[in-house]
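Below are the chains, spelled out letter by letter.
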Amino acid sequence: MARKRKTDGRTPRRALWFRTLIAITACGAAVGGLAAYRTLSDDTATERPVTMDEASRLALSRLNLYQASPLKVDLTATEGGGVVVRVKGVVDYRTHRAVGSYQITGSSGASGASAPAGGQLDHGLIVWDTGGLGLAPEPKGDSRPPWQQAEHIPRSGWSARSYTTDPLDAGLQLLIELGADRPDNPLLLAQSGARRLGSDRIDGRDYERFAGPRAQGATPGAGPDGGRSPLTYWVDSDGGLRRVTMRMPGLGTPTAVEFSGRDGRAKLPEAPWGTG
């Protein structure tokens, strides 16, 4: 990632709960625009622990992401105060790098900006990896995919920073960590509290909905969610991961990630991470 710059005076930090959550996922393991996807839910399903077959499919999901990348992704994060951030891009789990475009919308006066109700507050290009993210203006009149646009922006043109605890940053950090070059241990997944929540039909395909492993130290049955993991996964019969949502403390709307298939044309740019 490009060199870090001070942006708004905030001290970059990572919440302990999120770091623990990533560690659990790695060891063991709709919002806004999601309304565009047709989903039929099995609301009559009873929540229960996963079977070994279900745990095995969940365990394969991260490896399947790795093998299928580069993948098209959509991320939606609600920042509070009516502000919504949407990122559309491509992630490559072999390099743990991602690039895309972002759009921030919200009501007039949100985040100190002036915009019509529900209007656009900001937009541009975004790159991110395991260490942080970088933002840059979109080149005017350039209709190429973001991964091609980003290649022509020099390293000095990116405003980079480490991750914070904001919903967008937490979602980006989670997304870049989801893929892995080996399957998880299904037995550990089952023992760590993964649960089947129900099933959904998304764009004509059936997916089972799972709660991930519990965070370390969480007591089963305790808390508003019964000690359940804040991560929910939508996995098909082959272990393909379609959707992940993450509930953030203090926010009623979860951050959501959608995977919409491989983009074989995509080549992630070197410029944001280069030495020039």
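Note that the structure is a prediction, hence the values are computed from the model and not measured.

1. Side note on the overall build of the protein chain
Then, in step 1: Secondary structure assignment for the protein chain yields five helices and 13 strands.
Then, in step 2: Sorting the 276 residues of the protein chain into buried and exposed places 47% on the buried side.
Then, in step 3: Summing over all exposed atoms, the protein chain offers an accessible surface of approximately 12900 Å²; the carbon and sulfur share of this is 50%.

2. Here we look at the pairing of strand 3 (residues 71-80)
Then, in step 1: Burial analysis of strand 3 places seven of its 10 residues in the buried class, which makes it a mostly covered element.
Then, in step 2: Note: strand 3 against strand 4 (residues 83-92), nine bridges, orientation antiparallel. When the bridges of strand 4 are listed, Thr76 appears paired with Arg86.
Then, in step 3: Sheet topology note: the strand 3/strand 13 (residues 255-262) ladder contains five bridges and is antiparallel. The residue bridging Asp74 from the neighbouring strand is Glu258, located in strand 13.

3. Let's talk about the pattern of salt bridges
Then, in step 1: With the rule as written, the count across this model stands at 20 salt bridges.
Then, in step 2: Residue Asp200 is joined to Arg209 by a salt bridge in which the shortest nitrogen-to-oxygen separation is 2.8 Å. Of the two residues, Asp200 and Arg209, neither departs from the other in class, the shared state being buried.
Then, in step 3: For Arg201, the salt bridge identified is with Asp206, shortest N-O distance 2.7 Å.
Then, in step 4: Note on Arg201: relative accessible area 34%, which makes it partly exposed.

4. With respect to the environment of Arg161
Then, in step 1: Within the fold, Arg161 resides in strand 8 (residues 159-162).
Then, in step 2: Only 2.4 Å separates the side chain of Arg161 from the side chain of Asp169, close enough to count as a polar contact.

5. Considerations on the pairing of strand 10 (residues 205-211)
Then, in step 1: Burial within strand 10 is extensive, with five of its seven residues counted as buried.
Then, in step 2: Counting the residues that bridge the hairpin from strand 9 (residues 195-202) to strand 10 gives two residues, and of these Asp203 lies at a positive phi of roughly 50°.
Then, in step 3: Note: strand 10 against strand 11 (residues 231-235), four bridges, orientation antiparallel. By the bridge assignment, Arg209 is partnered in strand 11 with Trp234.

6. Section: helix 4 (residues 167-177)
Then, in step 1: For helix 4, the tally of buried residues reaches 10 of 11 residues, placing the bulk of the element in the interior.
Then, in step 2: For helix 4, the complete set of buried residues consists of Pro167, Leu168, Asp169, Ala170, Gly171, Leu172, Gln173, Leu174, Leu175 and Ile176.

7. Describing helix 2 (residues 52-68)
Then, in step 1: Helix length check: helix 2 (17 residues) gives 24 Å between terminal C-alpha atoms against 24 Å at 1.5 Å per residue, within 8%.
Then, in step 2: Along helix 2, the sharpest kink reaches roughly 30°, centred on Ser61.
Then, in step 3: Listed in full, the buried residues belonging to helix 2 are Glu54, Ala55, Arg57, Leu58, Ala59, Ser61, Arg62, Leu63 and Leu65.

8. As for the packing of aromatic side chains
Then, in step 1: The final tally for this structure, using the stated rule, is zero aromatic pairs.
Then, in step 2: Over the ring of Tyr66 we find Arg94; its NZ or CZ atom is 5.1 Å from the centre of that ring.
Then, in step 3: Taking NZ or CZ as reference, Arg243 lies 5.2 Å from the ring centre of Trp234, over its face.

9. Topic: unusual backbone geometry
Then, in step 1: Geometrically, the link from Ser69 to Pro70 is a cis peptide bond, its omega value of 10° lying close to zero.
Then, in step 2: One can find Pro70 in the loop between helix 2 and strand 3.
Then, in step 3: Of note in this structure, His96 is not a glycine but carries a positive phi near 55°.
Then, in step 4: By relative accessible area, which is 25% here, His96 ends up partly exposed.
Then, in step 5: Positioned with a positive phi, Asp203 is a non-glycine residue whose angle comes to about 50°.
Then, in step 6: Within the element layout of this structure, Asp203 appears in the loop between strand 9 and strand 10.
Then, in step 7: For Asp203, a relative accessible area of 42% corresponds to the partly exposed category.

Thresholds, definitions, all that
Residues numbered from 1 in each chain as written. Predicted model: local features only at pLDDT ≥ 70, side-chain atom pairs only at ≥ 80, totals over all residues. Heavy atoms only, no water. Helix = DSSP H or I, 4+ residues; strand = E, 2+ residues; numbered from the N terminus. Buried < 20%, exposed > 50% of the residue type's maximum accessible area, 1.4 Å probe, protein only. Areas by Shrake-Rupley, 256 points an atom, 1.4 Å probe, with all protein chains shown as cover. Pairing = 2+ DSSP bridges. Salt bridge = Lys/Arg side-chain N within 4 Å of Asp/Glu carboxyl O. Polar contact = N/O pair within 3.5 Å; in protein donor to acceptor, adjacent residues only side chain to side chain. Expected span 1.5 Å × (residues − 1). Bend = angle between axes of the 7 residues up to and from the residue. Phe/Tyr/Trp six-rings, centres within 6.5 Å; stacked < 30°, edge-to-face > 60°. Lys NZ or Arg CZ within 6 Å of the ring centre and 35° of its normal.

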